[in-house]
Amino acid sequence: MIENENLFNILNKLDDAVIITDRDKKIIFQNDYSIEIFENDFTSQIITNLIRDPKILESLEQTIDKNIESTTDFIINKNISDQSGELNFDVSIYPSKSKEEDNLIYIILKNVSIQRNIEKVKTSFVANVSHELKTPLSTIIGFIETIRTTAKDDKKSKDEFMEIINDEANRMDRLIDDLLIVSKIESNEHIHPTSKINLNKCVERVQKNLAKKLTSKNMTIEINTNSNDHHILGNEDELIQLFSNLLENSFKYGHENSEINVSIQKTKNNEDHNTSLFRKNIIEVEIKDQSDGIPEKYIHRLTERFFRVDKSRSKAIEGTGLGLTIVKHILNKHRGNIEISSTLNKGSVFTIQLPEAPIS
Ligand code: ADP
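Sequence positions are assigned chain by chain, starting from 1 and proceeding in written order. Restriction of local features to residues with pLDDT of at least 70 applies here, the model being predicted, together with a cutoff of 80 or more for giving and counting side-chain atom pairs; totals for whole chains, interfaces and linings are based on all residues. Water and hydrogen atoms were dropped before computing side-chain values, which therefore reflect all heavy atoms in the structure.

1. Overview of the overall build of the protein
- In this text, helices come from DSSP runs of H or I with a minimum length of four residues, and strands from runs of E with a minimum of two, each type numbered from the N-terminal end. Scanning the protein from terminus to terminus reveals 9 helices and 12 strands.
- The globule rule used here is 2.2 Å times the number of residues to the 0.38 power, and the radius of gyration it is set against is calculated over C-alpha atoms. In summary, the protein has a C-alpha radius of gyration of 29 Å against a globular reference of 21 Å for 360 residues, an excess of more than 25%.
- Along the first, second and third principal axes, the C-alpha set of the protein runs to 85 × 70 × 35 Å.
- By the convention used here, residues are in contact when the closest approach between their heavy atoms is within 4.5 Å. Of all intrachain contacts in the protein linking residues separated by at least 6 positions in sequence, the fraction that spans at least 24 positions is 60%.
- All accessible areas in this document rest on Shrake-Rupley with a 1.4 Å probe, and a residue is counted as covered only by the protein chains that are shown. Of the roughly 20,700 Å² of accessible surface on the protein, 49% is carried by carbon and sulfur atoms.

Next comes the structure, spelled out in structure tokens:
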């Protein structure tokens with residue numbers, strides 16, 4: 001039998017669940033984590049009182065019979081500590097190798113829920129991207145076929161179809177550009193930027209960049225601020241990308257002849273940012289547009305990848321459904337926050353909050 005108290009102490013500190021049985025399947029030891037997930041300490045009892053999962057029991061049988069290691073997986077629905085819902089485990093069962101303890105069997109359940117979740121997110125991302133690219137590509141293939149066959153001698157239809165092909169190819173191009181931006185920001189999201197950037201300047205730059213587009217709908221961007229000291233620690237290119245995405249949306253979805261109002265101001269931050277790096281102030285940029293607005297029930301979904309409120313209506317408006325995802329990622333990297341509110345037939349307000357740079 002195990003006499004080493006130290007070994008038990010070590011096993012209790014592990015993040016894996018460990019159960020030790022004898023060859024008659026009587027539980028000799030359960031570490032703390034296994035008691036937590038099975039909600040019971042069944043020491044001295046037969047293992048089937050604790051675990052009823054047939055795959056684990058079969059593997060245990062095999063290990064006992066053949067004196068070999070066996071593996072399986074195990075899923076349990078639980079609310080434990082900070083993890084809720086489905087918990088996934090890789091299970092390994094070993095016979096003891098030591099002569100003195102050759103009666104013992106070790107059952108180790110390794111929590112792989114985080115890895116499984118990442119795999120799921122990756123799989124659904126690949127499926128979404130493929131779907132988003134496949135839709136315009138199928139249209140292109142379809143129209144090329146029509147041009148080569150039924151519309152071969154019809155110049156008017158051919159021109160019309162070429163126009164559609166051109167639009168769809170451009171849509172694919174935009175999607176790929178946006179995906180590359182998402183991937184670039186995601187790859188260095190944990191690196192916090194250190195350059196001192198004036199947000200007023202970023203917004204003014206974007207206002208200039210959009211000037212020509214704005215005239216096409218007779219729209220204007222009005223910037224309202226009472227200070228030029230609106231500095232944050234940031235990455236200038238990413239901040240310009242952030243304001244471009246937001247102001248371009250206000251332009252795209254905004255009514256003709258309307259105004260986009262941007263206000264930039266410093267506000268006292270009452271929340272603890274958990275870091276002494278930042279002063280207690282935050283810089284708030286509010287972008288207000290005049291548009292059909294966004295239904296309340298969709299607001300919380302706007303930053304989801306590929307989400308567009310009304311696919312058929314917004315199809316007429318160029319977009320990938322990645323603009324606000326990019327905004328969200330840039331804000332995460334800058335320890336910032338976004339709040340969105342909207343009134344139907346009136347317009348929307350996108351409020352960005354970023355921590356002010358420390359005084360240098
Ligand atoms: P998109 O490339 O489609 O504009 P975004 O991620 O930037 O993608 O926005 C997601 C969706 O949110 C848009 O498709 C649109 O339906 C809605 N949306 C975003 N900004 C606005 C806005 N200013 N006014 C109205 N709807 C908006």
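We are not done yet, so read on.
2. Side note on the packing of aromatic side chains
- Each Phe, Tyr or Trp ring (for Trp, its six-membered ring) is paired with any other whose centre lies within 6.5 Å, and the angle between the two planes then decides the class: stacked below 30 degrees, edge-to-face above 60, tilted in between. The full count for this structure, using the stated rule, is 6 aromatic pairs.
- A ring pair is formed by Tyr33 and Phe89, whose centres lie 6.5 Å apart and whose planes are at 50 degrees; its orientation type is tilted. Linking Tyr33 in helix H2 (residues 32-38) with Phe89 in strand E4 (residues 83-95), this pair joins segments that are 56 residues apart in sequence.
- Whether a residue is buried, partly exposed or exposed follows from its accessible area with a 1.4 Å probe, protein chains only, as a fraction of its type maximum: under 20%, in between, or over 50%, in that order. Given the relative accessible area of 13%, Tyr33 is considered buried.
- According to the relative accessible area criterion, Phe89 is buried, its value standing at 0%.
- Plain terms: the ring middles of Phe38 and Phe74 are 6.0 Å apart, the flat faces sit at 25 degrees to each other, and that makes the pair stacked. Of the two residues, Phe38 sits in helix H2 while Phe74 sits in strand E3 (residues 70-80), which places them 36 residues apart along the sequence. Neither Phe38 nor Phe74 differs from the other in exposure class; each is buried.
- In this analysis the charged atom, NZ for Lys or CZ for Arg, is taken to sit over a ring once it is within 6 Å of the ring centre and within 35 degrees of the ring normal. Over the ring of Phe251 we find Lys217; its NZ or CZ atom is 5.1 Å from the centre of that ring.
- The side chain of Arg305 reaches across the aromatic face of Phe125, ending 4.2 Å from its centre.

3. Re the layout of surface pockets
- Using protein atoms alone on a 1 Å grid, points that fit a 1.4 Å probe yet trap it form a cavity, whereas open point sets bounded by protein on both sides within 12 Å along at least five of seven lines form a pocket; residues with an atom within 4 Å of a point count as lining. Grid points are joined across faces, edges and corners, and a volume is the space filled by probe spheres set on the points. Of the voids in this model, the largest pocket is the one considered here, and its volume is about 880 Å³.
- Around the largest pocket sit 39 residues that line it, and Asn249, Lys252, Tyr253, Glu318 and Gly319 are the ones nearest its centre.
- A class-by-class count of the residues in the lining of the largest pocket yields 13 nonpolar, 14 polar and 12 charged.
- The start and end points of each domain follow an automatic or database-based domain assignment. Two domains share the lining of the largest pocket, each providing at least three of its residues, namely domain 2 (114-187) and domain 3 (192-360). Throughout this entry, Asp, Glu, Lys and Arg are counted as charged residues, while Ala, Val, Leu, Ile, Met, Phe, Trp, Tyr, Cys and Pro are counted as nonpolar. The remaining residues, Gly among them, count as polar.

4. With respect to the nonpolar core
- Residues Phe243, Leu246, Leu247 and Val285 are the most contacted members of the largest nonpolar core, which totals 44 residues.
- Sorting the residues of this core by element identifies helix H5 (155-187), helix H6 (199-216), helix H7 (236-253), strand E9 (259-268), strand E10 (281-288), helix H9 (323-333), strand E11 (337-343) and strand E12 (347-355) as the ones contributing at least two each.
- With 7 residues, H7 is the largest single contributor of residues to this core.
- Two domains each put at least three residues into this core: domain 2 (114-187) and domain 3 (192-360).
- Apart from the residues lying within four places of it in its own chain, the contact partners of Phe243 are Leu199, Cys202, Val203, Val206, Glu248, Val285 and Ile287.
- Among buried residues, those of type Ala, Val, Leu, Ile, Met, Phe, Trp, Tyr and Cys that are joined through side-chain atoms within 4.5 Å constitute a nonpolar core. Membership of the second largest hydrophobic core comes to 22 residues, among which are Ile19, Ile56, Leu60 and Ile107.

5. Comments concerning the packing of H7 against H9
- Fitting a line to C-alpha atoms yields each axis, with helices limited to the stretch in contact; the angle taken between N-to-C directions then spans 0 to 180 degrees. The interhelical angle for the contact between H7 and H9, taken along N-to-C directions, is 145 degrees, at an axis separation of 9 Å. The interaxial crossing formed by H7 with H9 has left-handed handedness. For the pair formed by H7 and H9, the contact residues are Glu238, Gln241, Leu242, Asn245, Leu246 and Asn249 on the first element and Gly323, Leu324, Ile326, Val327, Ile330, Leu331 and Lys333 on the second.
- Considering only residue class, the contact of H7 with H9 consists of 7 nonpolar, 4 polar and 2 charged. Handedness of a helix crossing follows the sense of rotation of the near helix relative to the far helix, less than a right angle counterclockwise being left-handed and clockwise being right-handed.

6. Some remarks on unusual backbone geometry
- For Ser44, which is not glycine, the phi torsion reads 80 degrees and is therefore positive.
- Examined against the element boundaries, Ser44 turns out to sit in the loop between H2 and helix H3 (54-66).
- For Arg335, which is not glycine, the phi torsion reads 55 degrees and is therefore positive.
- Tracing the sequence through the fold places Arg335 in the loop between H9 and E11.

7. Some details on the side chain of Thr21
- As for its position among the elements, Thr21 is in strand E1 (residues 17-22).
- Thr21 sits in the buried class, given a relative accessible area of 0%.
- Setting aside its immediate chain neighbours within four residues, Thr21 contacts Lys26, Ile27, Ile28, Ile47, Leu60, Asn103, Leu104, Ile105 and Ile107.

8. Considerations on the site of the ligand
- Here, proximity means that at least one heavy atom of the residue falls within 4 Å of the molecule or strand. Close to the ligand lie 19 residues; Asn249, Asp289, Arg308, Thr320 and Leu324 are nearest.
- The term polar contact refers here to a pair of N or O atoms within 3.5 Å; inside protein, the definition further demands a hydrogen-donor-capable atom paired with an acceptor-capable atom, and it admits residues adjacent in sequence only when both atoms are side-chain atoms. For the ligand, a nitrogen atom lies 2.8 Å from a polar atom in the side chain of Asp289.
- Gly321 has a polar backbone atom sitting 3.1 Å from an oxygen atom of the ligand.
- Molecules are considered to sit inside a cavity or pocket once more than half of their atoms lie within 2 Å of its grid points. The site holding the ligand turns out to be the largest pocket.

9. Focus on H9
- Burial within H9 is extensive, with 9 of its 11 residues counted as buried.
- All buried positions along H9 are accounted for by Gly323, Leu324, Thr325, Ile326, Val327, His329, Ile330, Leu331 and Lys333.
- Just past H9, the residue Arg335 takes up positive phi, approximately 55 degrees.

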